[in-house]
Amino acid sequence: NKKDFFPDESVDLRFEPDTKSYMLSMFSASKYINGRQSLIKDGFFCADKENISQEKTPMLFQKANITIQATSGMVDSIPQYIFVLKQKKIPSEISFAEDLLQFDSYEYLASFFGRQNIRNDLYYFSQNELKKCSVLFNGTKRQAVFVWGDEHNLNNLSYIIVSKKITTERAEEGSALTGTSSWQFQNGMYLGMDIKELLKLNKGDFDIYGNKSDLAFMVKPTPNGKINFIETAVMLNCNLCNEDKIFDQQEVSALEITKENLPMKIFDIII
């Protein structure tokens, strides 16, 4: 009725198994700007803090396992300002490489493992394509590369690369791995696994891209067998056999390669 009105501020709560969400709505522009400024003072990272006073500019604040999205909109021609806070559950332990997937931002990753153990870098997919990334435990047996979908805010994890040698801008500073990676995978794979072992683990044949493909030596992403190569991408290498005639085609069967007794092993695992 005519006496109905919007409250000056309101809070909506939502609780899920691994995430708590709080949405604060307000109509005061000054409180909204002051709130954004206070987040910076409280140590939240914001890639756009130079726009802190521009109320129409959305901003993302990050600190440890907390993200806060600050946005504005209109309600019945009245400006409304919103803070959406999401707090993720901090894991008690990390057992497998797949457990790393829950760390979907640099801030969350750094809060758990320590900033001293993470180095921000650029990952080279080719000479013309590179992405911002964060390298965890660079040059150690627990080395892993986190590639970010949102390069500006260093969040929205795209995938994680576990490799013996990573191709980043600062890789020459000691990111080459000596020995075998200590990361274990839930499906049983590990870096350096022979293709014969991979066949046994998969309990079935699979195809590998040959030298006539742009993805040479990568396992073709299919869900056939025990291992889902769509969710887990595998790159192989083969010392002194790149010129072997068996690879002079678009695709080649893993069984065919084992019959040739070629020393093909897992080099990269991407999850």
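Treat the numbers as computed from the prediction; the structure is a model and nothing was measured. (Residues numbered from 1 in each chain as written. Predicted model: local features only at pLDDT ≥ 70, side-chain atom pairs only at ≥ 80, totals over all residues. Heavy atoms only, no water.)

A.B. asks: Hey, could you run me through the overall build of the chain in this one?
C.D. replies: Per the secondary structure count, the chain includes 4 helices and 13 strands. On C-alpha atoms alone, the chain measures out to a radius of gyration of 24 Å, which is more than a quarter above the 18 Å that the 2.2 N^0.38 rule sets for 271 residues. Looking at the chain residue by residue over its 271 residues, the buried ones come to 42%. Within the chain, contacts between residues separated by at least 24 positions form 50% of all contacts whose residues are at least 6 apart in sequence. As displayed, the chain offers around 15,200 Å² of accessible surface, 49% of which is attributable to carbon and sulfur atoms. (Helix = DSSP H or I, 4+ residues; strand = E, 2+ residues; numbered from the N terminus. Rg over C-alpha atoms; globule rule 2.2 N^0.38 Å. Buried < 20%, exposed > 50% of the residue type's maximum accessible area, 1.4 Å probe, protein only. Contact = heavy atoms within 4.5 Å. Areas by Shrake-Rupley, 256 points an atom, 1.4 Å probe, with all protein chains shown as cover.)

A.B. asks: Honestly, a nonpolar patch on the surface in this entry has me stumped. Any pointers?
C.D. replies: On the surface, Val11, Leu13 and Phe15 cluster together into a nonpolar patch covering about 320 Å² of accessible area. Relative to the elements of secondary structure, Phe15 occurs in strand E1 (residues 9–15). A relative accessible area of 51% places Phe15 in the exposed class. (Patch = residues over 30% accessible without salt bridge, like charges linked within 9 Å, V, L, I, M, F, W, Y side chains within 5 Å. Salt bridge = Lys/Arg side-chain N within 4 Å of Asp/Glu carboxyl O.)

A.B. asks: How should I be thinking about the packing of aromatic side chains in this particular structure?
C.D. replies: What describes a pair of aromatic rings is the distance from one ring centre to the other and the angle between the planes of the rings. Applying the stated criterion across every chain, the model contains 13 aromatic pairs. Note on Phe206 and Phe229: the rings are 5.3 Å apart at their centroids and 50° apart in plane angle, and the pair reads as tilted. Note that Phe206 is positioned in the loop between helix H3 (195–202) and strand E10 (207–209) and Phe229 in the loop between E10 and strand E11 (233–238), a separation of 23 residues in sequence. This pair shows no difference in class: Phe206 is buried, exactly as Phe229 is. Taken together, the aromatic side chains of Phe103, Tyr108, Phe112, Phe113 and Phe137 make up a single cluster linked through ring pairs. Here the basic side chain of Arg142 rests over the ring of Trp183, its NZ or CZ set 3.8 Å away from the ring centre. (Phe/Tyr/Trp six-rings, centres within 6.5 Å; stacked < 30°, edge-to-face > 60°. Lys NZ or Arg CZ within 6 Å of the ring centre and 35° of its normal.)

A.B. asks: Got a minute to help me understand helix H1 (residues 29–41) in this structure?
C.D. replies: Look at H1: 19 Å from first C-alpha to last across 13 residues, which is about the 18 Å you get at 1.5 Å a residue. Residues of H1 that are buried: Tyr32, Ile33, Gly35, Arg36 and Leu39. The arc that holds the buried residues of H1, viewed along the axis, is 155°, so those residues lie on one side. Contact partners of the buried residues in H1: strand E2 (19–26), strand E3 (59–63), strand E4 (66–75) and strand E5 (78–88). After H1 finishes, the residue Gly43 shows a positive phi value of roughly 90°. (Expected span 1.5 Å × (residues − 1). Arc of directions from axis to C-beta.)

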